[in-house]
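Listed below, chain by chain, are the residues.
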Amino acid sequence: MRWWIALALLALLGQSSVAGADPDPVPPAAVAIPSPVPSPIPSPCEDAAVGPRLVTLLRAHRFADVHHAVVGLRVLCAPSPALEAHRVLDDIALLRLEDRAWALSDLQELSRGARAETANVVLAWAYAMDRDTDAARAVLARIPAPRAAAIAALAALDDRGGFASHAAKLPGELGAPASALAARYHAARRKHPAVAGILSALIPGAGQLYAGSVQAAAVTFVLNGLFIGATIELALDRRYVTAAAAGTAASVFYVGGILNAGDLARRRNELASQPSRDALEDLLVPELTGSFPPP
Amino acid sequence: MLARGLMVLALAGCLPPLSTAPTNVIDLRYRSAAPTADTTIRIYRWIGSRSSSVKSRCRMAPTDSEMFATRAQQCGGVTSVFWGVSRVLLEEARDPRFAVPLRLDGRLRWVDLPDRRCGR
């Protein structure tokens, strides 16, 4: 019996000594490291298709998408001529989005680099459209005369006389089509915001009807009718305090209705004339739609 | 104050559900740009964000209250109230002749971004 116990103890000791011993270091099996396979997707920093894609977005008026894409590229990519072109596209998109501060500062920086001419053209256009004549003149002086005339003509588009005087300085191949597009642009702007406002002042809702919105006209008419009617009724009942409150509300809706009538007419003009404006911009300042000359 | 109170009622259809985060860049920008511009707007949003039955129904992007808060910062309260009424009427006009339609948050909305000039 004892020898069984001794054998069992020996077996236990033997197991624990094996378990407690450090295992011999076994060299890991050699793992075959695959040789680098070129990725089928090129880096966006080197992908020549990124520029045309951004231009497509810009032409589709997807300005926020252009901005977000270029912000990503600016984070990922080292400075390069391609990135400078993307930055100009970003600045155009931001200007279209009325986010001017960043765009103007970036264009100022770009106007000292390899993309100076393109940046100056966009910068001059931005200042001219913002009626900042001194700044526009300073930048236009750095641009060849025909280009400067094209930008000045575009900035004066809403003034028929001003546009004609600048268009006369354009090269022959640009002058005639620009004048034709400007004529189409003016023909599309058929609604007069001032007329709409005056009509709405005379009869609330009439200006909206003139601008082309029956729904807005009906709502304006009903709201004004209710508030003005309530004011008169309360005043006749000699409830002057309540009448004053209703009158205040009536005046807010009355003035708001006049503003809305003018705004609707202006919006209708802008959207109706947008294709002609786009074509004119493409003709006179092709940089605005992403057509850049080589740096 | 009364005019602002009425403005709140007029904007009642445009309540952004602040209990959830903005899900598009337009709302994100204009909701965070002027989050505390106006006490009325804050109260209006506070009430709305605690109501489980009220959802954003605004057809405009940014919403009327975001636009009002942004304008109030830029142009002052009185101008913003008048333009706020105009914005509500623009929403009624909803037509591609007056604003650009955009699909946001799974529904059609009309884009009308604040202008730098206060006169429009």
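This is a predicted model, so every value here is computed, not measured. (Residues numbered from 1 in each chain as written. Chains lettered and ligands numbered in written order. Predicted model: local features only at pLDDT ≥ 70, side-chain atom pairs only at ≥ 80, totals over all residues.)

This paragraph deals with the overall build of chain B. Secondary structure summary: chain B contains 5 helices and 3 strands in total. Ordering the α and β elements of chain B from the N terminus gives α-α-α-β-α-α-β-β. For chain B, the proportion of its 120 residues judged to be buried stands at 43%. In chain B, the proportion of contacts linking residues at least 24 apart, taken out of those at least 6 apart, comes to 74%. (Helix = DSSP H or I, 4+ residues; strand = E, 2+ residues; numbered from the N terminus. Buried ≥ 20, exposed ≤ 12 C-beta atoms within 10 Å, placed from the backbone. Contact = placed C-beta atoms within 7 Å.)

Taken together, 3 strands build an open sheet; the order of strands is β1-β3-β2 (chain B) and the sheet is mixed. The two strands at the open ends of the sheet, each matched to only one other strand, are β1 (60–61) and β2 (100–104) of chain B. (Pairing = 2+ DSSP bridges.)

The subject of this paragraph is the pairing of β2 of chain B. Residue and element names in this part refer to chain B. Sheet topology places β2 next to strand β3 (residues 107–111); 5 bridges connect them, and they run antiparallel. Pairing of Arg103 across the sheet is with Leu108, part of β3. Adjacent in sequence and paired antiparallel, β2 and β3 are bridged by 2 residues, among which Asp105 carries a positive phi angle near 55°.

With domains assigned, chain A is organised as domain 1 (48–116) and domain 2 (193–277). If you average the C-alpha positions of domain 1 of chain A and of domain 2 of chain A, the two centres end up 41 Å apart. (Domains from an automatic or database assignment.)

Residues and elements named next belong to chain A. Listed in full, the buried residues belonging to helix α5 (residues 100–110) are Ala103, Leu104, Leu107 and Leu110. Buried residues along α5 cover an arc of 125° about the axis, so they all sit on one side. Of the exposed residues in α5, those oriented more than 90 degrees away from the buried face are Ala101 and Ser105. As for α5, its buried residues are in contact with α4 (81–96) and α6 (116–129). (Arc of directions from axis to C-beta.)

Following Ala61 of chain B, the chain continues into Pro62 of chain B via a peptide bond in cis, with omega recorded as -5°. By the element assignment, Pro62 of chain B lies in the loop between β1 and α4 (64–75). Phi is positive for Arg131 of chain A, which is not a glycine, with a value near 60°. With respect to the helices and strands, Arg131 of chain A occurs in the loop between α6 and α7 (133–140). The backbone of Arg238 of chain A sits at a positive phi, close to 65°, despite the residue not being glycine.

The predicted model of chain A has a mean per-residue pLDDT of 86, with 86% of residues at 70 or higher. Here residues 12–23 of chain A scores under 50 on pLDDT; set against residues more than four positions off or in separate chains, the count is 0 contacts. (pLDDT = per-residue confidence, 0-100.)

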